[in-house]
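# Topology and contacts: notes
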Protein chains: 2
Amino acid sequence: MARRSAEESRAAAQRLALESAGACLLFRVRALSRTLTGIYDEALRPLALKPTQMNVMTAVAARGEGRLSEVADMIALEPSSLSRIVDVMRRNGWVETVPDPEDERARLVRLTASGAALYAEAMPRWRKAQARARELLGEEGAQELTALANASLSRRAP
Amino acid sequence: MARRSAEESRAAAQRLALESAGACLLFRVRALSRTLTGIYDEALRPLALKPTQMNVMTAVAARGEGRLSEVADMIALEPSSLSRIVDVMRRNGWVETVPDPEDERARLVRLTASGAALYAEAMPRWRKAQARARELLGEEGAQELTALANASLSRRAP
DNA sequence: GGAAATCTATTGCATATGCATACAAATGCA
DNA sequence: TGCATTTGTATGCATATGCAATAGATTTCC
C-alpha cells in the first residue's frame, strides 16, 4: 500500500471530521460549561471568588463541618482537586481545616467567620447569575440539564 | 449591631447553603462535563490524545487550513486558550502553523500527516466514547443537551 | 499620508482538574 | 498479634482555561 501524502491524509481526516463535527456531546457540554462559567464568574468577580470556590463553599457550608473526602463526594470532585482548591481558600482565609479527632488521617474543613460573611455576600450575586443562566437555557432547559446531571451524579458508587 | 461569632456566621451560611445546594446550574453542568470528559478521556488515553485536543483536531481537520482565530470561533474557545493548546499539539507533531500570506498577523494551522493519521486512529475510539455518553444521557437527553449547547453557541456575536 | 482604532496571536498570572504516587493511619483477616 | 489492604490527603506532572496586557499588522478615518 503506497504511503499517503500529507494532502491525502488531510483530505481523509477532513471527511471524518465533517462527519462528526458538531455531533460530539463532550464538545457541547464543555462549550455550555464554559458559557455558564463565564456568567457566574462575572457575577462573582467583584468578590474575587471563583465559581468553583463558590461551589465548594456551598458544600462546606451545608455540611457544617466535614471531612475533605466527604465534601469531595458531595460535589463529585476528585479529592486531589479539592485538596488544592481548599488550599487556595485557606490561604484566602475563607476556610480552616482541623484534624479529625476520630481519624488522624482526616481533616475537617469548615468556613471561617470571614468565609461565612463572604458567602452571605456572594449569595445575591449567585442568585443573579443563576437567573441569567436560567434565562439562557430556558425554564425547560434548566430542568432538563438538572435531570441530566442528576443521572450523571447518581451513577457514582457501583 | 453586635459582632457575630464564627458559629453564628456559619449557621447563617448553612441556612443559605442548604437553600441553594443542588440547585446551582453551573455546578450541574460542570459535574456533567467532568463525567463526560472522563468517558472520552479514557477512550482516547491509549493514543495520548486529550479530549480537548481531539476537539481542536476535528475543527482543524474540518476547516482544512484556517486561522487560529477561525478555529477558536468554531469551537467557542478563547484565542489565548487555543494558542496554548495548539502549542502542545505542535510539539507533538500533530499540527503545523504557517504564516498567512494574506495577513502577516495571522497564522494558518493544519494537520500534519502524522496528525491526520492519529485522527483517523482516534475516530473509532471517539465513536465508542460517544456511544457511551449517549447511553449515559439517554437518547432524549443527548438531543436535549445538543439543543441546549446550540442555544449557548449561537448566542455568540451580538 | 498618517494617527487612531481594530484585529491576531502570544504571554504573564492564576485557577482548575485528573491520574499516578507517596504516606500515614485505620481496618480486616489469618 | 502482625501483615495486607483500604482509606484520607497531599504532591508531582501535565493540560485546560480565562483575563489582562503586549507586540505587530491592518484598516479606518480624518
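Below, the structure is looked at part by part.

Cut-offs applied
- Residues numbered from 1 in each chain as written.
- Chains lettered and ligands numbered in written order.
- Predicted model: local features only at pLDDT ≥ 70, side-chain atom pairs only at ≥ 80, totals over all residues.
- Heavy atoms only, no water.
- Core = buried A, V, L, I, M, F, W, Y, C linked by side-chain atoms within 4.5 Å.
- Buried < 20%, exposed > 50% of the residue type's maximum accessible area, 1.4 Å probe, protein only.
- Helix = DSSP H or I, 4+ residues; strand = E, 2+ residues; numbered from the N terminus.
- Contact = heavy atoms within 4.5 Å.
- Least-squares fit on C-alpha atoms with pLDDT ≥ 70 in both.
- Near = heavy atom within 4 Å.
- Polar contact = N/O pair within 3.5 Å; in protein donor to acceptor, adjacent residues only side chain to side chain.
- Nonpolar A, V, L, I, M, F, W, Y, C, P; charged D, E, K, R; others polar.
- Pairing = 2+ DSSP bridges.
- Axes fitted to C-alpha atoms, helices over the stretch in contact; angles between N-to-C directions.
- 1 Å grid on protein atoms, 1.4 Å probe; cavity = no way out; pocket = protein on both sides within 12 Å on 5 of 7 lines; lining within 4 Å.
- Points joined across faces, edges and corners; volume = space filled by probe spheres on them.
- Buried area = accessible area lost by both parts, 1.4 Å probe.
- Salt bridge = Lys/Arg side-chain N within 4 Å of Asp/Glu carboxyl O.

### Quick notes on the nonpolar core
Formed by 102 residues in total, the largest nonpolar core has its most connected members in A:Leu36 and B:Leu36. Tallying contributions element by element places helix H6 (residues 113–154) of chain B first for this core, with 14 residues. Aside from chain neighbours lying at most four places away, what touches A:Leu36 is A:Ala133, A:Leu136, A:Leu137, A:Leu145, B:Leu25, B:Leu26 and B:Val29.

### So, the relation of the copies chain B and chain A
Its rotation angle being 180°, the transformation that places chain B on chain A also includes 0.0 Å of axial translation and leaves an RMSD of 0.0 Å. The superposition of one copy onto the other is thereby described by a two-fold rotation axis. Comparing contact sets, 100% of the residues at the interface of chain B also lie at the interface in chain A, consistent with an isologous, same-surface contact.

### Regarding the protein's contact with DNA strand D
Near DNA strand D there are 26 residues, and of these A:Ser69, A:Arg84, A:Arg105, B:Thr52 and B:Ser81 occur at the shortest range. Within the side chain of A:Ser83, an N or O atom sits 3.0 Å from a phosphate oxygen of DNA strand D. Take A:Arg84: an N or O atom from its side chain is 2.5 Å from a base oxygen of DNA strand D. Broken down by secondary-structure element, the contributors of at least two residues to the surface near DNA strand D are helix H2 (25–44), helix H4 (68–74), helix H5 (79–91) and strand S3 (103–111) of chain A together with helix H3 (51–63), helix H5 (79–91) and strand S3 (103–111) of chain B. In terms of residue count, H5(B) provides more of the surface near DNA strand D than any other element does, six residues in total. Looking at side-chain class alone, the surface near DNA strand D contains six nonpolar, seven polar and 13 charged residues.

### Section: the sheet that holds S3(A)
Residue and element names in this part refer to chain A. Reading across from one edge, S1-S3-S2 is the order of the three strands in this open sheet, with antiparallel pairing throughout. Edge positions in the sheet fall to strand S1 (66–67) and strand S2 (95–100), since each has one partner strand and no second. Across two bridges, S1 lies against S3 in antiparallel orientation. Looking across to S3, one finds that Arg-67 is bridged to Leu-108. Its contacts with the sheet place helix H3 (residues 51–63) against S1 and S3, and it is angled at close to 105° to S3.

### Here's the deal with empty space enclosed by the protein
Inspection of every chain in the model, using the stated rule, returns two cavities of 30 Å³ or more. Here the largest cavity is characterised by a volume of approximately 70 Å³. Along its surface, the largest cavity is lined by A:Phe27, A:Arg30, A:Arg34, B:Thr52, B:Asn55, B:Val56, B:Ile75 and B:Leu77. Secondary structure elements with two or more residues in the lining of the largest cavity: H2 of chain A together with H3 of chain B. Considered class by class, the residues forming the lining of the largest cavity number four nonpolar, two polar and two charged. Estimates place the volume of the second largest cavity at around 30 Å³.

### A closer look at the interface of chain B and chain A
Between chain B and chain A, the contact holds 66 residues from the first and 66 residues from the second. Taken as a group, B:Leu25, B:Arg28 and B:Leu148 account for 12% of the area that chain B buries against chain A, more than any other trio of residues on that side. Linking chain B to chain A there are zero salt bridges. Linking chain B with chain A are 16 residue pairs in polar contact (both at pLDDT 80 or more), by the criterion used here. Mapped by element, the contributors of at least two residues to the side of chain B that touches chain A are helix H1 (6–20), helix H2 (25–44), H3, S3 and H6 of chain B. When residues in the side of chain B that touches chain A are grouped by element, the largest group, 22 residues, is from H6(B). Looking at side-chain class alone, the side of chain B that touches chain A contains 38 nonpolar, 16 polar and twelve charged residues.

### Describing the side chain of A:Asp100
All names here are of chain A. With respect to the helices, strands and loops of the structure, Asp-100 is situated in strand S2. Engagement of the side chain of Asp-100 in a polar contact is seen with the side chain of Arg-67, the distance being 2.7 Å. A polar contact of 2.8 Å, which involves the side chain of Asp-100, links it to the backbone nitrogen of Glu-102. Apart from residues no more than four positions distant in its own chain, Asp-100 is found in contact with Arg-67, Ala-106, Arg-107 and Leu-108.

### Examining the protein's contact with DNA strand C
A:Ser81, B:Arg34, B:Ser69, B:Arg84 and B:Arg105 are the nearest of the 26 residues found near DNA strand C. Here, DNA strand C places atoms within 4 Å of the protein, and 65% of those atoms are sugar or phosphate. Interatomic distance of 2.8 Å between a side-chain N/O atom of A:Thr52 and a phosphate oxygen of DNA strand C. Between DNA strand C and A:Glu104, the relevant distance is 3.1 Å, taken from a phosphate oxygen to a main-chain nitrogen or oxygen of the residue. Ranked by the residues each element gives to the surface near DNA strand C, the list is headed by H5(A), at six residues.

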